[in-house]
Amino acid sequence: MAFVLTPEQESIRDTARRFVHERTPVAHLRHLRDTGDPTGFDREVWSEMAALGFAGITLPAEHGGAGLGYAELGLVLEACGRSLVPSPLVATVLLGASAVALGGTLAHKDEVLPAIAGGERLLALAHEEGSRHARYRIRTTAARTTDGYRLSGEKVLVLDGHVADTLVVVARTSGAAGDREGITLFLVPASAPGVSRERTLLVDSRGAARVRFDGTAVRCADVLGEVDHGSDLLDAVLDRATVGLASEMLGGLAEVFDRTVDYLKVRRQFGVAIGSFQALKHRAAQMFCEVELTRSVVMDALGAVDEARAELPLRACAAKARATDAFLLITAEAVQMHGGVGVTDELDIGLFLKRARAAEMTFGGAAYHRDRFARLSGY
Amino acid sequence: MTDDLERFRREIRSWIEESCPPSMRLPMAEGDEVWGGRRAVFPHPDARVWLERMALRGFTAPTWPKEYGGAGLSTVEAAILEAELRDAGCRPALRSLGVWMLGPVILRFGTEEQKREHLARIARGEIRWCQGYSEPGAGSDLASLGTRAVLEGDHYVVNGQKTWTSHADEADWMFCLVRTDPAVPRHEGIGFLLVDLASPGVRVRPIKLISGLSPFCETFFDDVRVPARNLVGAPNQGWTVAKALLEHERSSIGSLRSSAFSAEEPLQDLARRSLGGEGGTLPDPILRDRVTQANLDELAYQLTFRRAAETAAARKSAVTMGETPKPPGPESSVLKLCGMELNKRRKELRVVLAGFPALAAEDPRAREWLRSRANSIEGGTTEIQLNIIAKRILGLPD
């Protein structure tokens, strides 16, 4: 029964919720933001999360993981989404660990995965180059040398790119920008010569970077997946990451919805609770439907990863498109229903609004995923 | 699953194998439904055979006691039966308001005499029932209904008018709400009455809709004499009975459609035929996105339907095993609301995609589009469903 949690899953969910409640309420994000923390997340908190098994939850036991699946990881992400926890779960776990687990050699896995599971190693995917998600529009080149490749180009919105120890770099080994073929992924130490990084401050207070490669030398042994056919690996990584991100978004939108319904019950105007006004009731009920529909689609997509179902790419599109629309709708409505205080920094609602926008653009928005869904369906 | 249930599943599976005619496992077309009744129409001789075999085992009303025409199954066993019938692709042997709505309230509120008179005939599909709730002046505000039932000796004399009585022209009996006492507060003073539509003084007139179809009727009562023993519950208990009936309807996810559109041509195929473009991307990017949105909405609806069914089954089996039940899943009011809005949008999009041909007066797509406009009105409007979600689920104040 994919839609009903097992007792083990319930216990993972409860552990995650308790941890988030005690250690990383929304005030945690505020503190990092207001103190201008250069990392963007708390390394100590990340160690604790790793100790709870969250970092390696989907990794096999021989690589220091818990050997569980995305259904379980999704519960952790959802709990984190409820209080906007900034952590390496997206960059290191969803993107980095997936790239190594799916495309790495045994040596790569032995080197990287246990360190990820232990919370010691941070990864980032250096992929985007333009103003929006464009999966194959890669201009960063990997030119063949006698003993490897030289990387040249510039990447933007590299999540956690400013602090990552290891970069997964998407580069072009042949063809032209936009071609699905001719793309290759490389595992590159962030400290390699010719790599320069500059942190980008994002509206949701999470960390990202602009990363430049000026003739960075990499070895053939650093290739993940197949040369020129890296798009297969890239798609597989992004499908997983998209589903994981949708879980985090589900947590965020469910939290904003709950807070808004609570507010409708306590805020009084004209001598009554504003939740008694039908104009607001009906919109709240519509949002409830959206929360429920999103939960079903996300749970199904998590199951599609774990069961390695052929329709995973379609289900990832479905989950991200729906989670994006729902998150944007509910955060916008939440601001409106909270009235003036909704646009103050003091209230958390605005932080969710900002996260919804950043999450939308990460790995492509709703329109991108509907287009991809249609394309994959043959129309 | 316990050994007993596994044995039950195997038994059901082989019974279906022996009993369900192959023609009854083909996908249904419009008009293939069997509604039973004195004037029952069977689209295929096998449909009658299938109904008789199902009814003989009590499987048309599986959880009802055997003595009243049911099979006496537990809810878990009934869920297994339903799943096996679905997996085998069996057509529903009988669609029946009597089974879905009336039977459960007769079992709960009815007299022994009423159970003996009505239940088995409902389960066998011999009597077709319709519902008499709405009146010209009582739509969403149902409790304002005014059809009068005055007790004279051992009969009620009924005067008034019901409307939107679905298929009253094909039904044999009606269960309806009548005003038994105009002097008390309006939610009291309502009775739940069973009326034989063959009684003198009953007149049924179909209502022609914008779609050209007439699935609904107006039903007029002019000094209709109804035996007092046909009242279900106490004379002023009708509202309670009606609410119980609605709750039962809402809680029986099975009465909702899980695959309403499975028989329809996929939207993208219709778009391809109409918009042209050999393979590749559909040439109209805006219509292409609308098609995708509709497909994604349907996927979300179907997955939510499955989640609701799985959650309900898990709750049932937890109760059976004496465990704490899992938290409830998505409520059926959410499914109803999303299902009807989704159906409306899809029917509209089919007309838009088809273009000029759908303007032809007899084009089925146009008729279905016009019919679908009623989806968000009948059985509780969209606005009423939103009120229910806001009040019962979200706990927003009145």
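Coordinates for the structure precede this section.
Sequence order as written defines the numbering, with residues in each chain counted from 1. Chain A is the first chain written and ligand 1 is the first ligand written, with later ones labelled in order. Owing to the predicted nature of the model, reporting of local features is limited to residues with pLDDT of at least 70; listing and counting of side-chain atom pairs is limited to 80 or more, with chain, interface and lining totals taken over all residues. No hydrogens and no water enter the side-chain calculation; it runs on all heavy atoms of the structure.

A. Expanded view of the overall build of chain A. When helices and strands are tallied, chain A shows 11 helices and 10 strands. Values of the radius of gyration come from C-alpha atoms, whereas the globule rule sets the reference at 2.2 Å times the count of residues to the power 0.38. Against the 2.2 N^0.38 benchmark of 21 Å for 379 residues, chain A shows a C-alpha radius of gyration of 21 Å, consistent with a compact globule. Across its three principal axes, chain A shows a C-alpha extent of roughly 80 × 50 × 40 Å. Each residue is placed in one exposure class: buried if its accessible area under a 1.4 Å probe, protein chains only, is under 20% of its type's maximum, exposed if it is over 50%, and partly exposed if it falls in between. Within chain A, buried positions represent 60% of all 379 residues. Each helix corresponds to a stretch of at least 4 residues labelled H or I by DSSP, and each strand to a stretch of at least 2 residues labelled E; elements are numbered beginning at the N terminus.

B. Layout of the pattern of salt bridges. Residue and element names in this part refer to chain B. By convention in these notes, a salt bridge is any Lys or Arg side-chain nitrogen within 4 Å of a carboxyl oxygen on Asp or Glu. Tallied over the full model, the rule gives 63 salt bridges over all chains. Here Arg9 ties to Glu84 by a salt bridge, and the two come within 2.7 Å at their closest N and O atoms. Of the two residues, Arg9 sits in helix 1 (residues 3-19) while Glu84 sits in helix 3 (residues 75-87), which places them 75 residues apart along the sequence. Residue classification places Arg9 among the buried positions, given a relative accessible area of 17%. Among the residues examined, Glu84 registers a relative accessible area of 4% and is labelled buried. Among the salt bridges present, the one from Lys347 reaches Glu368, with a minimum N-O distance of 3.2 Å. Here the residue Lys347 occupies a position in helix 9 (residues 332-354), and Glu368 occupies one in helix 10 (residues 364-372), the gap between them amounting to 21 residues.

C. Seen up close, the packing of aromatic side chains. All names here are of chain B. Only centres within 6.5 Å qualify two rings of Phe, Tyr or Trp (six-membered ring in Trp) as a pair; their planes then separate them into stacked at under 30 degrees, edge-to-face at over 60, and tilted for everything else. All chains considered together, the criterion is met by 12 aromatic pairs over all chains. Here the aromatic rings of Trp15 and Phe59 are separated by 5.0 Å at their centres, their planes lie at 90 degrees, and the arrangement is edge-to-face. With Trp15 in helix 1 and Phe59 in the loop between helix 2 (45-56) and helix 3, the pair connects residues that are 44 residues apart, well separated along the chain. For the residue pair Trp15 and Phe59, the accessibility class agrees, reading buried in each case. The structure contains a cluster of three or more aromatic residues connected by ring pairs, namely Trp129, Tyr133, Trp173, Phe175 and Phe192. The residue whose ring lies beneath Arg203 is Phe220, and the NZ or CZ to ring-centre distance is 4.5 Å. A ring has a charge above it when a Lys NZ or an Arg CZ is no more than 6 Å from the ring centre and no more than 35 degrees off the ring normal.

D. Broad picture of the interface of chain A and chain B. In what follows, a contact means two residues having at least one pair of non-hydrogen atoms within 4.5 Å. With 39 residues of chain A in contact, the opposing surface of chain B contributes 40 residues. Once two parts are brought into contact, the accessible area they lose, counted with a 1.4 Å probe and summed over both, makes up the buried area. Of the roughly 3,500 Å² buried where chain A meets chain B, counting both sides, 65% is carbon and sulfur surface. Taken together, the connections running from chain A to chain B amount to four salt bridges. Under the rule applied, a polar contact is a pair of N or O atoms within 3.5 Å (in protein, one hydrogen donor and one hydrogen acceptor; residues adjacent in sequence only if both atoms are side-chain atoms). Counting every contact that joins chain A to chain B gives 18 residue pairs in polar contact (both at pLDDT 80 or more). Residue assignment for the side of chain A that touches chain B shows that the elements contributing at least two residues are helix 7 (230-266), helix 8 (278-306), helix 9 (312-338) and helix 11 (366-376) of chain A. Under the scheme applied, nonpolar residues are Ala, Val, Leu, Ile, Met, Phe, Trp, Tyr, Cys and Pro; charged residues are Asp, Glu, Lys and Arg; polar residues are all the others, including Gly. Class assignment of the residues belonging to the side of chain A that touches chain B gives a composition of 21 nonpolar, seven polar and 11 charged.

E. Looking closely at unusual backbone geometry. All names here are of chain A. The residue Ser205 is not glycine, and still its phi comes out positive at about 65 degrees. Summarising the element assignment, Ser205 is placed in the loop between strand 6 (195-201) and strand 7 (207-219). For Ser205, a relative accessible area of 17% puts it in the buried group. Here Ala308, not a glycine, exhibits a phi torsion of approximately 50 degrees, which is positive.

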